Amino acid sequence: MKTPRLPVAPPRLAMRLEGLEGKTRGFWSYAWHGEQLELHHGKAGTDGKRESRTFASTEEAGAFVRKQVTARVAKGAWSSDLVFESTTWAQVKDSVQVPGNSEEDEDRVLVLSGDIVVPHGLWLDFRRGIFAQDDPDTSPFAGLIVRGNLTVEGCLFNGENDFGPFLQVHGNLVATSIAIGGSRLRVTGDVMTGDLVAVYNHGSVSVGGALVARTVASEYTLQVEGPIDAWCYRGRGSKVFAVSAGVEASDYPYDAKGVFVPAVVADERVLLDKARNLLSAGKPISRPVFTSVRDAFRQLVSKKMAEPDKVKSLTLEGKGLTSLPDDLFQFRRLEKLNLRSNELRTLPEALGQLTELRELDVRGNGLRTLPESIGALKKLRVLNLESNCLWRLPDSLAECVELRTVNLVNNPYSYVRRAFGSWSRVLLMWDFPEVLTRLPKLEVVTFEGTPLRTLPRRRFDSTSLRTVTVRKSLVTEVDPDLHSQLTVSVEDSAGKAAAYIGYWFRSEYVRLESFHDAKSGRYDFTEVIALLRLLLRINIPTATPYDTALENFRKGSEDIVRDLNWHGSNARHVHALFTALRDALGPLGEPDPGNALVAGLRDVFAVHAG
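What you are looking at is a predicted structure, and each value in this text was computed from that prediction instead of being measured.

A. Structural detail: the pairing of strand β31 (residues 467-471). Looking at chain direction, strand β30 (residues 444-448) and β31 are connected through 5 bridges and run parallel. In the strand pairing of β31, V445 is matched with V468. Pairing between β31 and strand β32 (residues 487-488): 2 bridges, direction parallel. Paired with T469 across the strands is T487, a residue of β32.

The structure is reproduced here in structure tokens:
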């Protein structure tokens, strides 16, 4: 993907700023003539003071101008060319399309009419810049409406995470950069900008057209009705993906450090607050050239590729890999391979080419299955499968005759929905994999947090077996003779089953965009009903008498309602969601007529459906 053509503000040869300095309104202006600057400043209504300054070069004069304008705008000044009107919230509220912020009818709103150019940065903070007021006791302006296109030759900035004036643009928005927190931004047309940072979920960004940016870094979902062209970072340590014409290149990830400058990256996370501050100061947050994970991998192993047969150990931990590069399988003498903390959903059949492998660590990937070729790893001794989404093990695993240790803790791991792509596709490991009983040298097997309902139907072949541990599963019955080789905890089964409700039935997984299409206005509850079906299957009959399960559903419902209706304007979506959930209990409850959990859930959902 090529970097989109982004706005470049031409140098201004003259500008006049005005603003409040304490309780006094002042002005500052310049006229730029090559190496010479004519400066004029003072209190509004006076002749002020004039001076002339000469610099060693035009570049030095320009640098001085840019520094002065940035500093004065940061203190609250703005271009005197901007002609504002003032109206009341009561007069414009029916046309405002941003989430509410408890505005009162008498609150004032600023209006700019026509195609507007702001020749510097624009602050969206109460009582700052254009929102400053002569009387500090007056209620702050609620927001700004631009009735036309808006160009900001600087950063569109909001420094407060929890709140800020809204900005609604009735056209297109072009800005050098955008860095906001609690402000609410609505643009009916297209947005073109450099780097875009949205720090906190109290704010919102809604674009009616296309979004073109260099990078987008955000902790919350941006609502963009048109296509997106940008490198996008979704927050919380995620990878960066190029999005072109609305299509994400999900198989070609970038590390945060491969896209953003070191100053805003720590532990593979983009420090959004710091990035916002740098943008407000006119400093870059993204690198001139981006390096993908794949390119970084090639750089990492380039020296080793010269003599691949000498490589015995390789660590590719936390590289954001969604697939294994073909180069990896040239290391035919590899004995230890660390693939921890990537995004691998499957492993290729080519894995079987690494026949010298003794240890394979794939913790924390979201793996769904293992390849049949794993049986070719005859020398494999340690297989660490912790924190994945495995729902079965291939029969060919029995051919790993040297295998001693298998770790199956936390299958599935936290991001199970992301691993499968949707709740309707999620598969869980309900049955103990019988293939493990056929491994001749097996010593240690660990299951914890895996929703097993059944235990093996045969004894283990291994005479070296030391421990087979099953904890926090859904197992409720143990055969003391057949399962004497196992350590099984059945007393925590009900608690574990109910805990899945707390993990998954929450606002993080039941978001408005998951069941409502803003563009068409249509509802589709397929995903949320699939989640409900999965939770019922986990809890019936394991979690009887269901008191904890119902309480977790109740708490989850309240969390979902609170998040959906944060601004008090989405009550209809809450009603539609919980009506759909309540009605779905009919067909979902048919396999278990009269079940107390299903009956109790009807009452839980009815509270919000009504």
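B. A look at the pattern of salt bridges. In this structure the tally under the stated criterion is 27 salt bridges. We note a salt bridge from E103 to R184, for which the minimum N-O separation is 3.1 Å. With E103 in the loop between α2 (89-92) and β7 (108-113) and R184 in strand β14 (residues 184-187), the pair connects residues that are 81 residues apart, well separated along the chain. Taking relative accessible area as the criterion, E103 reaches 16% and is therefore assigned buried. For the salt bridge of R358 with E356, the shortest nitrogen-to-oxygen distance reads 3.1 Å. Relative accessible area serves as the criterion here: at 29%, R358 is assigned to the partly exposed category. It is possible to trace a salt-bridge network through shared partners that takes in E343, R345 and R418.

C. Representation of the sheet that holds strand β3 (residues 36-43) within the structure. The sheet built from 5 strands is open, its strands ordered β4-β3-β2-β1-β5 with antiparallel pairing. Every other strand in the sheet has two partners, leaving β4 (49-54) and β5 (78-79) as the edge strands with one partner each. As defined by bridge partners, strand β1 (residues 14-21) adjoins strand β2 (residues 24-33) across 8 bridges and the pair is classed as antiparallel. Counted as the bridge partner of L17 is W28 from β2.

D. Focus on the packing of helix α6 (residues 493-504) against helix α7 (residues 526-539). At a minimum axis separation of 8 Å, α6 and α7 run at an interaxial angle of 160°. Here α7 runs roughly antiparallel to α6, going by the angle between their axes. α6 and α7 meet at a crossing whose hand is right-handed. Two secondary-structure elements touch here, α6 through A497, A498, Y500, I501 and W504 and α7 through L531, L534, L535, I538 and N539. For the contact of α6 with α7, the class distribution of residues is 9 nonpolar, 1 polar and no charged.

E. Main features of the packing of aromatic side chains. All told, the structure shown has 23 aromatic pairs when counted by the stated rule. When the centroid spacing of 6.0 Å and the interplanar angle of 65° are considered together, the rings of Y252 and Y254 count as edge-to-face. Here a set of aromatic residues connected by ring pairs shows up, and it is made of W423, Y500, Y503, W504 and Y509. Over the ring of W391 we find R392, and its NZ or CZ is 5.9 Å from the ring centre. Cation over ring: R418 sits above Y415, and NZ or CZ is 4.5 Å from the ring centre.

Thresholds, definitions, all that
Residues numbered from 1 in each chain as written. Predicted model: local features only at pLDDT ≥ 70, side-chain atom pairs only at ≥ 80, totals over all residues. Heavy atoms only, no water. Pairing = 2+ DSSP bridges. Helix = DSSP H or I, 4+ residues; strand = E, 2+ residues; numbered from the N terminus. Salt bridge = Lys/Arg side-chain N within 4 Å of Asp/Glu carboxyl O. Buried < 20%, exposed > 50% of the residue type's maximum accessible area, 1.4 Å probe, protein only. Axes fitted to C-alpha atoms, helices over the stretch in contact; angles between N-to-C directions. Parallel < 35°, antiparallel > 145°, perpendicular 65-115°, else oblique. Left-handed = near helix turned anticlockwise from the far one by under 90°. Contact = heavy atoms within 4.5 Å. Nonpolar A, V, L, I, M, F, W, Y, C, P; charged D, E, K, R; others polar. Phe/Tyr/Trp six-rings, centres within 6.5 Å; stacked < 30°, edge-to-face > 60°. Lys NZ or Arg CZ within 6 Å of the ring centre and 35° of its normal.

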